[in-house]
Amino acid sequence: MAGSSSVLEDDSSYSSVDRTLEKLEKFMCLLSGFAIFSLMILAVVSVGGRNTIDQPLPGYVDFIEQVLPIIAFLGISYTQREGGHIRMDILVGRLKGRMLWLAEFITVFFMLVLMVLLVWGSFEHFLRAFNWDAPLWSNDSSVDLNIPLWPAKLLVPVSFSVICIRLVWQLIGYARAFKSGELNPVGLPLPKSAAEQAAEEAQSVSGAEVDKEIN
Amino acid sequence: MEPIEIGILVSCGLLVMVVLGMRVAFAAGLAGLIGLIWIFWSKKGYDPSAFIWALTVATKTAGQVPHSKITTNALSLIPTFILIGYLAYHAGLTKALFEAAKRWVGWLPGGLAVSTVFATAGFAAVSGASVATSAVFARIAIPEMLKVGYDKRFAAGVVAAGGTLASLIPPSAILVIYAIIVEQDVGRLLLAGFLPGAFSAVIYGGLIVVMALVIRNFGPPVGGYSWKDRLVSLPPTFPIVFVVLIIISFIYNPFGGDSWGTPTEGGALGAFVVFCIAMIKGMKWGQLKEALIESAKLSVMIFTIIWGVLIYVRFLGFADLPNAFADWITSLTFSPLVILICILLAYAILGMFMDAIGMLLLTLPVVYPAVMALNGGESVSAADSAFGLSGAECAIWFGILVVKMAELCLITPPIGLNCFVVAGVREDISVQDVFRGASPFFVADALTIAGLVAFPGIVLFLPRLLLG
């Protein structure tokens, strides 16, 4: 089972759309990274406040409830672009060329079906919390601080819409690759062997810092 | 068609999608959604005009799962634990650990290999990721072992196996995931992982000492360190001790009274400590940004599987499949222990082809209720149970067992990822060599699991002692 893979780029129009979309996706993913960072800071403030001035951060739990959806959903499309959602590749890892692109097309198509339906379903979930006429448009708010819940719920269909665009673009890419039969199409995550993936993993975690320590 | 038959058919469909290489999270979500549509539609007798109704109800049911299930407070532990791991590399803790371990236990037969095991165990305390632990130590420990004459296959095997210790010693992301899926207390599970993790490290160490005594030219002890040398090697490792202590004291207060906070706060505070050290060691903005993006990617991957599987679980509830499976398991005439061992063996086989998180999330919704039923139910008392454990204790014990099982698969062919990683770092060592070098540890792990099955007290000692 593998996660990561590499995406080739060139100056074709297909690749340029891919890279434009990637900019948005990467920005969303970075926001999600900052949300993780804020979890850390919030805890320090909360614990510090409680133990030094006996004043815990009010609504700490409410904040976590708001921050978690940012972490859980915003990066979903970027992770798909990079091929980071895990799968079992013992079978697809053996396919090459047209057969591989056909298999990818089918699985991505099913993913798209799911995500389109979930955009609808999660939007309905958002609508139940949202009300034009209520204060802060909110039907439903957090327990301690009364923060409206609808913005966090809206994040879900928004993130899911972005991954739908990504999936449509990947479907077009796989269809093109199937037609041309090329081996290394641009703009698509290329499956890697366990060894390639491992080498990359090792590279990413043992960067300059470790080298410096060893030498 | 009965709901239970729909449940079985859809589950088989899910299996086919996963084998065909569909991303696990989405395959589970789709199986759940299709299953819900099917069950609702079947209730209306497959009336064509009712299909849209079934589709709408199913989609609305599935659509609320991602947001509502993700906002569980305990889930915030996962991103913080992942962040700790990424920042730990920049905090330069690995070399310090290896150096300290070498000075303290290097004099044992096979001393450098034993040091490697203890250093990986220590690093596991700040890194929840087995694969990363192996990658880092392949660069630090293997060259030193080769220098004093260890067999390169064995040196590589030690590092690959040592990496597997990461998943039990807190902070462990995989134990948090288990706790959430089976709805058990996260703090108890994290505490429970500590002794089995340490126990595994001791078994590994003991195995190396025995091999060094039996096999000729195995690798010399490294001695000559004074007590002063040993003592000065300790302070650089304190951050790791500190992180572990913080996380534990947020589960259990060593000074009596209430704990200092929740495990979620402990995890976040631990991340903050490692972050400060990394900043002191000169981490650049670019490296921090990279660490944040990588943590976000890994977190979203895990969260996506969680909500995907939970949509599937919602459907399983309607289909009543877990209950039916549990009834079947308890109706078997074999002893509960034999059945449990069979389940663990099935995990060993499955783990050869699937990654640990995907495997556990996909199987636990069905397997966990069955194991609980085997023991006598969720709320059974220790006296009436099959394994002599109360329901809650059995949940913890089984969690540690399956996670250890999943880890074991990181060093078994054909896709034991840790071995691939070590071979990826060391171009002079082939994957086959690493698998061969790691094989003694496979035996050690089998013994460890047998020990944990026979003596659940090893798993439950700390939670019982500290949390009652």
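For clarity, every value in this text was computed on a predicted model and none was experimentally measured.

1. Quick word on the interface of chain A and chain B
Stage number 1. Counting from both sides, the interface comprises 73 residues of chain A and, opposite them, 76 residues of chain B.
Stage number 2. Both faces considered, chain A and chain B share a buried interface measuring about 6,900 Å² in area, 76% of it formed by carbon and sulfur atoms.
Stage number 3. Our count for the chain A to chain B interface comes out at two salt bridges.
Stage number 4. B:Lys297 is the salt-bridge partner of A:Glu82, the closest N and O atoms lying 3.8 Å from each other.
Stage number 5. Our enumeration of links across chain A and chain B arrives at six residue pairs in polar contact (both at pLDDT 80 or more).
Stage number 6. Looking at the side of chain A that touches chain B, the elements that each hand over two or more residues are α1 (13–52), α2 (60–73), α3 (76–81), α4 (97–129), α5 (150–180), α6 (194–205) and α7 (208–214) of chain A.

2. A look at the nonpolar core
Within soluble globular proteins, side chains that are nonpolar tend to cluster in buried spots.
Stage number 1. Ranked by size, the top nonpolar core spans 234 residues in total, and within it A:Met115, B:Tyr347 and B:Phe398 carry the most contacts.
Stage number 2. Looking at which element gives the most residues to this core, the answer is helix α15 (residues 285–319) of chain B, with 19 residues.
Stage number 3. Beyond its immediate sequence surroundings of up to four residues, B:Phe398 is in contact with B:Tyr178, B:Leu340, B:Ile343, B:Leu344, B:Tyr347, B:Leu364, B:Val367, B:Tyr368 and B:Val371.

3. Observations concerning the packing of helix α9 (residues 152–163) of chain B against helix α21 (residues 431–454) of chain B
Residues and elements named next belong to chain B.
Stage number 1. At a minimum axis distance of 7 Å, the contact between α9 and α21 shows a crossing angle of 65°. Of the two elements, α9 crosses α21, and the hand of that crossing is right-handed. Contacts between α9 and α21 involve Lys152, Arg153, Phe154, Ala156, Gly157, Val158, Ala160 and Ala161 from the first element and Asp433, Val434, Arg436, Gly437, Ala438 and Phe441 from the second.
Stage number 2. Within the contact of α9 with α21, the residues separate by chemical class into eight nonpolar, two polar and four charged.

4. Points about helix α5 (residues 77–90) of chain B
All names here are of chain B.
Stage number 1. For α5, built from 14 residues, the straight-helix expectation of 20 Å at 1.5 Å per residue is met to within 8% by its first-to-last C-alpha distance of 21 Å.
Stage number 2. Counting buried positions over the 14 residues of α5 gives 14, a clear majority of the element.
Stage number 3. The first or second residue beyond α5 is Gly92, which carries a positive phi of 60°.

5. Quick notes on the environment of B:Val182
Residues and elements named next belong to chain B.
Stage number 1. Within the secondary structure, Val182 sits in the loop between α10 (173–181) and α11 (186–214).
Stage number 2. When its relative accessible area of 6% is taken as the criterion, Val182 is described as buried.
Stage number 3. Sequence spacing of Val182 and Leu361 is 179 residues, and the spatial spacing of their C-alpha atoms is 9.9 Å.

6. What to know about the confidence of the model for chain A
Stage number 1. Summary statistics for chain A give a mean pLDDT of 83 and a share of 86% for residues scoring 70 or more.
Stage number 2. Note that pLDDT drops below 50 for residues 206–215 of chain A; the model gives that stretch 14 contacts with residues more than four away or on any other chain.

7. Remarks on unusual backbone geometry
The phi angle of most residues is negative, glycine excepted, and most peptide bonds adopt the trans form.
Stage number 1. Non-glycine residue B:Glu183 carries a positive phi angle of around 55°.
Stage number 2. Overall, B:Glu183 belongs to the exposed group, its relative accessible area being 69%.

8. Focus: a nonpolar patch on the surface
Residues and elements named next belong to chain A.
Stage number 1. A contiguous nonpolar patch, built from Met99, Leu102, Ile106, Phe109, Phe110, Val113 and Phe178 and spanning about 580 Å² of accessible area, is present on the exposed surface.
Stage number 2. Within the secondary structure, Phe109 sits in helix α4.
Stage number 3. Taking the relative accessible area as the measure of exposure, Phe109 reaches 39% and is therefore partly exposed.

9. Quick notes on helix α3 (residues 51–63) of chain B
Stage number 1. Along its 13 residues, α3(B) runs 18 Å from first to last C-alpha, staying within 8% of the 18 Å computed at 1.5 Å per residue.
Stage number 2. Taken together, the buried positions of α3(B) are occupied by B:Ala54, B:Leu55, B:Ala58, B:Thr59, B:Thr61, B:Ala62 and B:Gly63.
Stage number 3. Considering only its buried residues, α3(B) is in contact with α4 of chain A together with α2 (24–43), α4 (65–70) and α15 of chain B.

10. Some remarks on empty space enclosed by the protein
Stage number 1. A complete count under the given rule lists three cavities of 30 Å³ or more for this structure.
Stage number 2. The volume enclosed by the second largest cavity comes to roughly 50 Å³.
Stage number 3. Around the second largest cavity, the lining residues are A:Gln80, A:Arg87, A:Glu104, A:Thr107, A:Val108, A:Met111, A:Gln170, A:Tyr174, A:Pro189, B:Gly21, B:Met22 and B:Arg23.
Stage number 4. The set of elements that each furnish at least two residues to the lining of the second largest cavity consists of α4 and α5 of chain A.

11. Looking at the layout of surface pockets
Residue and element names in this part refer to chain B.
Stage number 1. Its boundaries defined by the atoms lining it, the second largest pocket holds a volume of some 680 Å³.
Stage number 2. Secondary-structure elements contributing two or more residues to the lining of the second largest pocket are α10, α11, α14 (263–280), α15, α16 (321–331) and α18 (356–375).
Stage number 3. A per-element tally of the lining of the second largest pocket places α15 first, with five residues.
Stage number 4. Class assignment for the residues of the lining of the second largest pocket results in 16 nonpolar, eight polar and six charged.

12. A closer look at the packing of helix α17 (residues 336–351) of chain B against α18(B)
Residue and element names in this part refer to chain B.
Stage number 1. Across the interface, α17 lies against α18 with an axial gap of 11 Å and an inter-helix angle of 175°. In terms of orientation, α17 lies roughly antiparallel with respect to α18. Two secondary-structure elements touch here, α17 through Pro336, Ile339, Leu340, Ile343, Tyr347, Leu350 and Gly351 and α18 through Met359, Leu360, Thr363, Leu364, Val367, Val371 and Leu374.

13. Remarks on the packing of aromatic side chains
Stage number 1. A complete count under the given rule lists 27 aromatic pairs over all chains for this structure.
Stage number 2. Judged by centre distance (5.1 Å) and plane angle (80°), the rings of A:Phe37 and B:Phe275 are edge-to-face. With one member in each of two chains, A:Phe37 in helix α1 and B:Phe275 in helix α14 form a pair that bridges those chains. With respect to class, A:Phe37 is no different from B:Phe275; both count as buried.
Stage number 3. Aromatic ring contacts, followed pair by pair, group B:Tyr150, B:Phe154, B:Tyr204, B:Phe218 and B:Phe441 into a single cluster.
Stage number 4. For A:Arg98, the ring lying beneath its charged end belongs to A:Phe178, and the centroid distance is 6.0 Å.
Stage number 5. In this arrangement the basic side chain of B:Arg230 is found over the ring face of B:Trp227, its NZ or CZ atom lying 4.8 Å from the centre.

Quick notes on the rules
Along each chain, the written sequence defines residue order, and numbers are assigned to residues from 1. The naming scheme follows written order: chains are lettered A onward, ligands numbered 1 onward. Where totals are concerned, whole chains, interfaces and linings use all residues; where local detail is concerned, this predicted model gives features only for residues with pLDDT of at least 70, and gives and counts side-chain atom pairs only at 80 or more. Side-chain numbers come from the whole structure's heavy atoms, not from hydrogens or water. Any two residues whose heavy atoms approach within 4.5 Å at even a single point are treated as in contact. Throughout, the accessible surface (probe 1.4 Å) given up by two parts as they are put together, summed over both, is called the buried area. Basic side-chain nitrogens of Lys or Arg form a salt bridge, by our definition, when they fall within 4 Å of a carboxyl oxygen of Asp or Glu. N or O atoms within 3.5 Å of each other form a polar contact, as long as, within protein, one can give a hydrogen and the other can take it, and as long as residues adjacent in sequence are counted only when both atoms are side-chain atoms. By the criteria applied, helices consist of DSSP H or I runs no shorter than four residues and strands consist of E runs no shorter than two, each listed in order from the N terminus. Nonpolar core, defined: a set of buried Ala, Val, Leu, Ile, Met, Phe, Trp, Tyr and Cys residues in which side-chain atoms within 4.5 Å join the residues together. Per-residue accessibility, obtained with a 1.4 Å probe over protein chains only, is compared with the maximum for each type, and a residue is labelled buried under 20%, exposed over 50%, and partly exposed between these values. Only C-alpha atoms enter the line fits that serve as axes; for helices the fit covers just the stretch in contact. Angles between N-to-C directions range over 0 to 180 degrees. Working rule for handedness: look at the near helix, and if it is turned counterclockwise from the far one by less than a right angle, call the crossing left-handed; if clockwise, right-handed. Classification convention: Asp, Glu, Lys, Arg as charged; Ala, Val, Leu, Ile, Met, Phe, Trp, Tyr, Cys, Pro as nonpolar; all other residues, Gly among them, as polar. What a helix should span is 1.5 Å times the count of its residues minus one. Predictor confidence is given residue by residue as pLDDT, running from a minimum of 0 to a maximum of 100. The residues that make up patches have over 30% relative accessible area and no salt bridge, and they are joined within 9 Å when like-charged or within 5 Å when they are Val, Leu, Ile, Met, Phe, Trp or Tyr. Each accessible area is a Shrake-Rupley result for a 1.4 Å probe, and residues are judged covered by the shown protein chains and nothing else. The method works on a 1 Å grid over the protein atoms by themselves. A cavity is a set of points holding a 1.4 Å probe that cannot get out, a pocket is an open set with protein on both sides within 12 Å along at least five of seven lines, and residues with an atom within 4 Å of a point line them. Grid points are joined across faces, edges and corners, and a volume is the space filled by probe spheres set on the points. Every angle not falling under 35 degrees, over 145, or within 65 to 115 is termed oblique; those three ranges are roughly parallel, roughly antiparallel and roughly perpendicular. For this analysis, a ring pair means two rings from Phe, Tyr or Trp (six-membered ring only for Trp) whose centres lie within 6.5 Å, classed as stacked if their planes differ by under 30 degrees, edge-to-face if by over 60, and tilted for the remaining angles. Our definition puts a charge over a ring when NZ of Lys or CZ of Arg is within 6 Å of the ring centre and also within 35 degrees of the ring normal.

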